Amino acid sequence: MAERLALFATTARGTEELLADELKELGARRIRQDRGGVRFMASLDEALKVCLWSRIAMRVLYPLGEFEARGADGLYDAVASVPWEEHLTPEVTFAVEATLKDSEHSHTGFVALKVKDAVVDRMRDKRGSRPDVDPKNPDVRVVAHLVREKLSLSLDLCGEPLHRRGYRVRPTAAPMKETLAAALLRAAGYTGEEALVDPMCGSGTILIEGGLIARRRAPGIARDFAVEKWPHLGARARELLEDLRADARRNERKVTVPLLGFDKDPEALEAARRNVKAARLSEEIRLEEGDATKLPALPEPPGLLLTNPPYGDRLGSGGQKGMKSFYFKLGDSLRAQKGWRLFVLSGNPAFESAFHVRPSSRRELWNGPIECTLLGYPAFYTRPPMRDSERRSEAPLGAPQQPVDVAPVRPEDEDEEQG
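These numbers were taken from a predicted model, which means no experiment stands behind them. (Residues numbered from 1 in each chain as written. Predicted model: local features only at pLDDT ≥ 70, side-chain atom pairs only at ≥ 80, totals over all residues. Heavy atoms only, no water.)

Comments concerning the overall build of the chain
Summing up its helical and strand segments, the chain has 11 helices and 15 strands in all. Among the 419 residues that make up the chain, the fraction classed as buried is 55%. Sequence-distant contacts, at least 24 apart, represent 77% of the contacts inside the chain between residues at least 6 apart. A total of about 19300 Å² of accessible surface is found on the chain, and carbon and sulfur atoms cover 47% of it. (Helix = DSSP H or I, 4+ residues; strand = E, 2+ residues; numbered from the N terminus. Buried < 20%, exposed > 50% of the residue type's maximum accessible area, 1.4 Å probe, protein only. Contact = heavy atoms within 4.5 Å. Areas by Shrake-Rupley, 256 points an atom, 1.4 Å probe, with all protein chains shown as cover.)

A look at the sheet that holds strand S9 (residues 196-198)
Reading across the sheet, the 7 strands line up as S11-S10-S9-S12-S13-S15-S14 and stay open at both edges, with mixed pairing between neighbours. The sheet terminates laterally at strand S11 (285-289) and strand S14 (361-367), the two strands that pair on one side only. Across the sheet, the mean angle separating the axes of adjacent strands is 20° when strand polarity is ignored. Of the strand pairs in this sheet, S9 and strand S12 (residues 304-307) are connected by 2 bridges, and their pairing is parallel. Across the sheet, Val197 pairs through a bridge with Leu305, a residue of S12. Strands S9, S12, strand S13 (341-346), S14 and strand S15 (370-377) of the sheet are contacted by helix H5 (residues 178-187), whose axis makes an angle of about 170° with S14. (Pairing = 2+ DSSP bridges. Axes fitted to C-alpha atoms, helices over the stretch in contact; angles between N-to-C directions.)

Some words on the nonpolar core
Within the largest apolar cluster, 63 residues are counted, with the highest numbers of intra-cluster contacts made by Leu7, Phe40, Val60, Trp84, Leu151 and Leu157. Considering each element in turn, this core owes the most residues, 7 residues, to helix H4 (residues 108-127). Leu184, Leu207, Val257 and Leu304 belong to the second largest nonpolar core, which has 35 residues in total. (Core = buried A, V, L, I, M, F, W, Y, C linked by side-chain atoms within 4.5 Å.)

Details of the sheet that holds strand S1 (residues 4-10)
The strands that make up a sheet are held in pairs by hydrogen bonds between backbone atoms, and each pair lies either parallel or antiparallel. Spatial strand order, S2-S3-S1-S4-S8-S7-S5-S6: 8 strands in an open sheet with mixed pairing. Both edges of this open sheet fall to strand S2 (29-34) and strand S6 (132-133), since each of them pairs with a single strand only. Strand direction decides the pairing type here: strand S4 (residues 59-68) and strand S8 (residues 150-156), joined by 7 bridges, are antiparallel. The residue of S8 that forms the bridge with Leu61 is Asp156. Of the strands in this sheet, S4 and S8 touch helix H3 (residues 71-80), which is tilted by about 40° from S8. With respect to the sheet, H4 is in contact with strand S5 (93-101), S6 and strand S7 (140-147), its orientation differing from that of S5 by roughly 140°.

Considering the pairing of S4
In the sheet, S1 pairs with S4 via 3 bridges, with the strands oriented antiparallel. Looking at the pairing, Ala9 lines up with Val60 of S4.

Overview of the packing of aromatic side chains
Within the structure shown, the criterion is met by 4 aromatic pairs. Judged by centre distance (4.9 Å) and plane angle (20°), the ring pair of Phe351 and Phe355 falls under stacked. Of this pair, Phe351 and Phe355 both sit in helix H10 (residues 351-355), 4 residues apart, which is roughly one turn of the helix. Under the relative-accessibility criterion, Phe355 is labelled buried at 1%. An aromatic cluster is built from Phe326, Tyr327, Phe351, Phe355 and Tyr377, whose rings are joined through pairwise contacts. (Phe/Tyr/Trp six-rings, centres within 6.5 Å; stacked < 30°, edge-to-face > 60°.)

Digging into helix H8 (residues 266-278)
For H8, with 13 residues, the first-to-last C-alpha span of 18 Å sits near the 18 Å given by 1.5 Å per residue. When H8 is considered as a whole, its buried residues turn out to be Ala268, Leu269, Ala271, Ala272, Asn275 and Val276. Seen along its axis, H8 keeps its buried residues to an arc of 160°; they face one direction. Counted as exposed and oriented over 90 degrees from the buried face of H8: Pro266, Glu267 and Lys277. If you follow the buried residues of H8, they end up packed against helix H6 (205-215), strand S10 (259-263) and S11. The N-cap residue of H8 is Asp265: its side-chain oxygen and the backbone nitrogen of Glu267 are 2.9 Å apart. One or two positions beyond H8, positive phi appears at Arg280, with a value near 60°. (Expected span 1.5 Å × (residues − 1). Arc of directions from axis to C-beta. Polar contact = N/O pair within 3.5 Å; in protein donor to acceptor, adjacent residues only side chain to side chain.)

Have a look at this one:
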């Protein structure tokens, strides 16, 4: 590999700009946003720092090349042209992960199998024997992405995706990914210097990510990375990571601001408590049972209110009319918290008008398969007055009544979250 590596960090759609800013802070160079990720250049120690410290990236990939791959034979030939002997040895294990988009092939398993066959055949030809496949815990993870007839091959420096921090021991039905929660906090400008409250905390992901920021704790401090087992870089990577981890531990700090979460569901609160404990943040994060539409007065001085209200499936009966009524009451409750900045991740088109406050900022992004909007509101001091023109319009600050019915939004993948 070259002294400075050309890498690609993947991220949730809509968070590419946030990841690019984070990578710049971590020392990456020649940063370029792309759909679903960010391309950048980094030395090995800079790349390892990204693996350890990035709160937003899902994966950090080392691209091996892009190839035309027509049909099964073309796919095999493209993979076989890669000098795998420079990255693998017969003694290591490997696995292949494949994704498809608009491809002539209909099954990722077939593509992964063809990639695997080409790799082991090339290794047998060049080294006389082949590495074994270990789908659960491989030494080297090969990532194949096929878009139409364009094949991209990469090696994954991290192994397990970076959102798996290790603290989620008790998820709720569909918890938000840790990396998305961190992206929301960055978009809201949270640095750990102010209080943080999530009035609908669910399994606690936003609060835990906020706690890691306030603690200045590296999100990858408790995990290993696949690159540590690579045959040609592993020894050097382990040495560099030892120093990076030690430095990260020395620079942690005490949390001096309140981190507070509410939820009306006892099961969600129990999940949050267990996750907070696993994240070693029990002393920093306080959890209470409470209804977001009837919040008590929050601590002084005010800080950041950040939450991800349900999109349509977590309030029981009432359908979309019930959702709009909930959003309306939520607006009244949160406006009563004077001086608090507010950010809300909305995945229901009815939210903005039912909430009845015009946002000062908006960012489109994706929570798994659901297109969402992160709405930012300035600190509330008094209820915003309505001008005559707004009373006559259908804008979000129009007459305080429920908007017309809008079809509810539901997640399409039970492994992805909305709440």
